[in-house]
Amino acid sequence: MNRTEAVTITNMCMIYDGSRVLVQEGRVYWLELDEMKKAGNLAGEMEFTLEIFLREDLSEHFLLKENGEWREVLK
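Attention in this report is confined to the structure presented alongside it. (Residues numbered from 1 in each chain as written. Predicted model: local features only at pLDDT ≥ 70, side-chain atom pairs only at ≥ 80, totals over all residues. Heavy atoms only, no water.)

So, on to the overall build of the protein. Across its full length, the protein holds 2 helices and 3 strands. For the protein, the N- to C-terminal ordering of α and β elements is β-α-α-β-β. A buried classification covers 13% of the 75 residues belonging to the protein. Pairs at least 24 apart in sequence give 38% of the contacts found in the protein among residues at least 6 apart. As displayed, the protein offers around 6,800 Å² of accessible surface, 50% of which is attributable to carbon and sulfur atoms. (Helix = DSSP H or I, 4+ residues; strand = E, 2+ residues; numbered from the N terminus. Buried < 20%, exposed > 50% of the residue type's maximum accessible area, 1.4 Å probe, protein only. Contact = heavy atoms within 4.5 Å. Areas by Shrake-Rupley, 256 points an atom, 1.4 Å probe, with all protein chains shown as cover.)

Structure representation (structure tokens):
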């Protein structure tokens with residue numbers, strides 16, 4: 001079997017003390033959860049990230065390529 005994994009590490013915190021950093025990808029700003037769910041311009045994988053943050057039974061989201069096909073995996 002030909003298998004490749006693509007992993008992105010994401011951290012969640014309840015309290016943040018610091019400043020945001022300007023990035024080339026676009027504007028960085030805070031949103032309340034309800035606003036995030038309604039926003040139409042979130043990163044492509046953000047719905048999976050939100051699901052992990054909101055469900056205590058999940059802790060991982062990654063892409064798995066098996067036999068030339070990519071699929072989303074939530075664990």
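Okay, a nonpolar patch on the surface next. On the surface, V21, V23 and V28 cluster together into a nonpolar patch covering about 230 Å² of accessible area. Position of V21 relative to the elements: it lies in the loop between β1 (3-7) and α1 (33-38). (Patch = residues over 30% accessible without salt bridge, like charges linked within 9 Å, V, L, I, M, F, W, Y side chains within 5 Å. Salt bridge = Lys/Arg side-chain N within 4 Å of Asp/Glu carboxyl O.)

Moving on to the pairing of strand β2 (residues 61-66). Consecutive residues of a regular strand have side chains that alternate between opposite faces of the sheet. Sheet topology places β2 next to strand β3 (residues 69-74); 6 bridges connect them, and they run antiparallel. Its bridge partner lying in β3, E66 is registered against E69. Linking β2 back to β3 in an antiparallel pair, the connection comprises 2 residues, with N67 at a positive phi of about 50°. (Pairing = 2+ DSSP bridges.)

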